[in-house]
Amino acid sequence: MDWIIGALCALLVSGAAYRKRSLSLSGMIAAAVMGTVYYAAGNLFWFGLLLLFFITSTAFSKFRGDRKRELEKSYAKSGRRDAGQVFANGGIGILACIGNALWPDPAWAWFFVGSMAAVTADTWATEWGGLSRTPPRSVLTWKPLPAGTSGGVSGLGSFAALVGALMIGGAAQVLLDLTAGGSGAYETASYFASLWRWTVIGGVSGFAGAFADSLLGATLQRMQRCPVCGKSVEVGVHCGTATLPLRGLRWMNNDAVNVLSALAAGFIAWGLGVMLT
């Protein structure tokens, strides 16, 4: 029954996202499969955090889309998320979900929260940072960069990343309580201590993961140079012209960067969970 419920819920959400052009066909199929596994192999805790990330990130991607449209021309993937993006953002979490189903342990939940906090922080940073009125700065040299350049950070984007990571951490405690049937002890010291612990785990690991994403974007991510405008971009064609290799590893695209930063955040959250418990 859990598999049926999970599949129906996942299809409903992914289908709606496809109709709103937030997901491509491959992205819709990937999201449906992922959501089904999250619910059936996990529970509301796992599925709820995935849903929270997806809904908020989709909503922010549509906000002031007219101002972001020019920046998106520099990104390898933008607008409608495909299967690669879906699995890059939720793939680490689904492994933790399956791992917990096979070998139950609190460490899986910490790892999962860290990975989801990281992808949420990174997505929020990208969406809100694109609306910043001040140019981003290089995470390496702190020199101003053209908007949309990988490895660039802004005050608005960094603030959004921290808020997104903290939100995932706090939501983890709420969903854990709902999954357990709701203790109703929302005013007890132990509940707020647990809420604080999860918020710290999500906030610290998620923000660190977003920073790792920017660091990888500034160093190892494959980047191209547009011979027309001279911008550093992720795409193979810009300004109607084929771009030229600039730097980075051939296999290190944006999806790989997302996976590695989520993985790093997961281990950080794992360590924090051990320290704070």
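A. Quick peek at the overall build of the chain. Helix and strand content of the chain: 9 helices and 7 strands. With the C-alpha coordinates aligned to their principal axes, the bounding extent of the chain is approximately 60 × 40 × 30 Å. When contacts within the chain are restricted to residue pairs at least 6 apart in sequence, long-range pairs at least 24 apart make up 72% of them. A total accessible area of about 13200 Å² is found for the chain, and carbon and sulfur atoms account for 68% of it.

B. Structural detail: the nonpolar core. Formed by 43 residues in total, the largest nonpolar core has its most connected members in Y38, F45, W46, L49, F112, V113 and M116. Breaking this core down by element, the ones donating at least two residues are helix 2 (25-42), helix 3 (44-62), helix 5 (83-102), helix 6 (106-129), helix 7 (155-179), helix 8 (189-219) and helix 9 (254-276). For this core, the leading source of residues is helix 6, giving 11 residues. Among all residues touching F112, those that are not within four sequence positions of it are Y38, F45, W46, L49, G93 and A96.

C. Inspection of the environment of A117 at higher detail. Along the polypeptide, A117 turns up in helix 6. Residue classification places A117 among the buried residues on the basis of a relative accessible area of 0%. Taking the C-alpha atoms as reference points, A117 and G130, 13 residues apart in sequence, are found 20 Å from one another. Those residues in contact with A117, other than ones at most four positions away along the chain, are A165, I168, G202, S205 and G206.

D. Structural view of the packing of helix 6 against helix 7. Two elements in contact, helix 6 and helix 7, have axes separated by 7 Å at closest approach and are oriented at 150°. Here the hand of the crossing between helix 6 and helix 7 comes out right-handed. Residue-level inspection shows V113, M116, A117, T120, A121, W124, A125, W128 and G129 of helix 6 in contact with helix 7, the latter providing L156, G157, A160, A161, V163, G164, A165, M167, I168, G169 and A172. In the contact of helix 6 with helix 7, the residues fall into 15 nonpolar, 5 polar and no charged.

E. Region of the structure containing the sheet that holds strand 4 (residues 232-233). Here we have 3 strands laid out as an open sheet, ordered 4-3-7, and antiparallel in their pairing. The sheet is open, and its two borders are formed by strand 4 and strand 7 (244-247), each paired with just one other strand. Taken together, the 3 bridges between strand 3 (residues 223-225) and strand 7 define a ladder with antiparallel strand orientation. Its bridge partner being in strand 7, R225 is matched across the sheet by L244.

F. Examining helix 1 (residues 2-19) more closely. In this model, helix 1 (18 residues) spans 25 Å end to end at C-alpha, consistent with the 26 Å of a helix rising 1.5 Å per residue. Here helix 1 has its buried residues at G6, A10, S14, G15 and A17. For helix 1, the arc enclosing every buried residue in end-on projection is 155°, short of the 170-degree limit, so these residues lie on one face. Facing away from the buried side of helix 1, by more than 90 degrees, are the exposed residues L8, L12 and R19.

G. Summary view of the state of the cysteines. All chains considered together, the criterion is met by 0 disulfides. No disulfide involves C97; its nearest neighbouring cysteine sulfur is the one of C9, lying 14 Å away. Of the residues examined, C97 reaches a relative accessible area of 0% and is grouped as buried. Not part of a disulfide, C226 finds its nearest cysteine sulfur in C229, a span of 3.6 Å. Accessibility expressed as a relative area gives 0% for C226, which makes it buried.

Here is what the cut-offs are and how they apply
Residues numbered from 1 in each chain as written. Predicted model: local features only at pLDDT ≥ 70, side-chain atom pairs only at ≥ 80, totals over all residues. Heavy atoms only, no water. Helix = DSSP H or I, 4+ residues; strand = E, 2+ residues; numbered from the N terminus. Contact = heavy atoms within 4.5 Å. Areas by Shrake-Rupley, 256 points an atom, 1.4 Å probe, with all protein chains shown as cover. Core = buried A, V, L, I, M, F, W, Y, C linked by side-chain atoms within 4.5 Å. Buried < 20%, exposed > 50% of the residue type's maximum accessible area, 1.4 Å probe, protein only. Axes fitted to C-alpha atoms, helices over the stretch in contact; angles between N-to-C directions. Left-handed = near helix turned anticlockwise from the far one by under 90°. Nonpolar A, V, L, I, M, F, W, Y, C, P; charged D, E, K, R; others polar. Pairing = 2+ DSSP bridges. Expected span 1.5 Å × (residues − 1). Arc of directions from axis to C-beta. Disulfide = S-S within 2.5 Å.

Everything listed here is a matter of geometry and, on its own, says nothing about what the molecule does.
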